[in-house]
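Structural overview
The primary structure of each chain is shown beneath.
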Amino acid sequence: GAVVSQHPSWVICKSGTSVKIECRSLDFQATTMFWYRQFPKQSLMLMATSNEGSKATYEQGVEKDKFLINHASLTLSTLTVTSAHPEDSSFYICSARPGQADYGYTFGSGTRLTVV
Amino acid sequence: GENVEQHPSTLSVQEGDSAVIKCTYSDSASNYFPWYKQELGKRPQLIIDIRSNVGEKKDQRIAVTLNKTAKHFSLHITETQPEDSAVYFCAASRSGNQFYFGTGTSLTVIP
């Protein structure tokens, strides 16, 4: 089945530094990928829609200058958390849809970010 | 935008009993409603989904019902087993585009 690979699975960084998270579709092309954030014991909140070859679309309240999204190819989207702060600590997870006819998403394995 | 509400937030059932989780949505244009199961620290896994042209769908012990008029849909798990214990999320979407998730239900099946 369709697989979305996400790296790293967990990362610890110091306040003020930047962290890049990669999301790759391994056996299909994804013109669109989605980035979610999940705080402990809370739901997945959509952050942004990543579109291959164009600018990402951000949800209301998400700082586009802080969460930089790049979707340079049909199989790779990256999320960079810039100038990270402890409140950015969260579980970040990407997803993609393998086919136009199938509405089901495939999720990446997630990245646990801890900012100290 | 879409607003999805989910109840209950926690649910405990005895092994073998049924569990029901309910969700409501606000956007009448939403036409795809998946349910995801998420174990601690892991990615959500799709367990069942339903499109707006169908009122009910069943897959072994799991079923989902949809009431478009009332804008609510429910997940039914019968003959629950300890391995069903997890957090379950409902979601609503327009044609598989952005998903808006409910707040989650932590299900505990007591052996």
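Our subject is the structure listed above.
These lines cover the structure that appears in this document, whether it is placed above or below. All values derive from a computational prediction rather than experimental measurement. All residue numbers refer to position in the chain's written sequence, counted from 1. Key to labels: chains lettered from A, ligands numbered from 1, both in the order written. Reporting of local features is limited, given that this is a predicted model, to residues whose pLDDT is at least 70; pairs of side-chain atoms are given and counted only at 80 or more, and all residues count toward the totals for whole chains, interfaces and linings. Computation of side-chain values: all heavy atoms of the structure, hydrogens and water removed.

Our focus in this paragraph is the state of the cysteines. For the purposes of this analysis, a disulfide is any pair of cysteine sulfur atoms at a distance within 2.5 Å. Using the criterion set out here, one finds two disulfides over all chains in the structure. At a sulfur-sulfur separation of 1.9 Å, the disulfide partner of C23 of chain A is C94 of chain A. Across the S-S bond linking C23 of chain A and C94 of chain A, the dihedral sits near 80°, which makes this disulfide right-handed. Placement of C23 of chain A in strand 3 (residues 19-25) and of C94 of chain A in strand 9 (residues 90-96) is noted, with a sequence separation of 71 residues between them. Here C23 of chain A and C94 of chain A have matching classes, each one buried. Two residues share a disulfide in this structure: C23 of chain B and C90 of chain B, whose sulfurs sit 1.9 Å from each other. What sets the handedness of the C23 of chain B and C90 of chain B disulfide is the S-S torsion sign, and at about -100° it is left-handed. Of this pair, C23 of chain B sits in strand 3 (residues 19-25) while C90 of chain B sits in strand 9 (residues 86-93); the two residues are 67 residues apart in sequence, bridging distant segments of the chain. Among the residues examined, C90 of chain B registers a relative accessible area of 0% and is labelled buried. Not engaged in a disulfide, the cysteine C13 of chain A finds its nearest cysteine sulfur in C94 of chain A; these two sulfurs lie 18 Å apart. Here a strand is any run of E in DSSP of at least two residues, a helix any run of H or I of at least four, and the numbering for each starts at the N terminus. Each residue is placed in one exposure class: buried if its accessible area under a 1.4 Å probe, protein chains only, is under 20% of its type's maximum, exposed if it is over 50%, and partly exposed if it falls in between.

Our next topic: the interface of chain B and chain A. Here, two residues are considered to be in contact whenever any of their heavy atoms come within 4.5 Å of each other. Counting from both sides, the interface comprises 19 residues of chain B and, opposite them, 22 residues of chain A. By buried area we mean the combined loss of accessible area, with a 1.4 Å probe, across both parts when two parts are placed together. When the buried area of chain B at its contact with chain A is split by residue, R43, Q98 and F101 of chain B rank highest and sum to 30% of it. Salt bridges are identified by distance alone: a Lys or Arg side-chain nitrogen within 4 Å of an Asp or Glu carboxyl oxygen. The interface formed by chain B and chain A holds zero salt bridges in total. N or O atoms closer than or at 3.5 Å make up a polar contact, with two conditions inside protein: a donor-capable atom paired with an acceptor-capable one, and, for residues adjacent in sequence, both atoms drawn from side chains. Where chain B meets chain A, there are six residue pairs in polar contact (both at pLDDT 80 or more). Of all elements in the fold, only strand 4 (32-38) and strand 10 (99-101) of chain B reach the threshold of two or more residues within the side of chain B that touches chain A.

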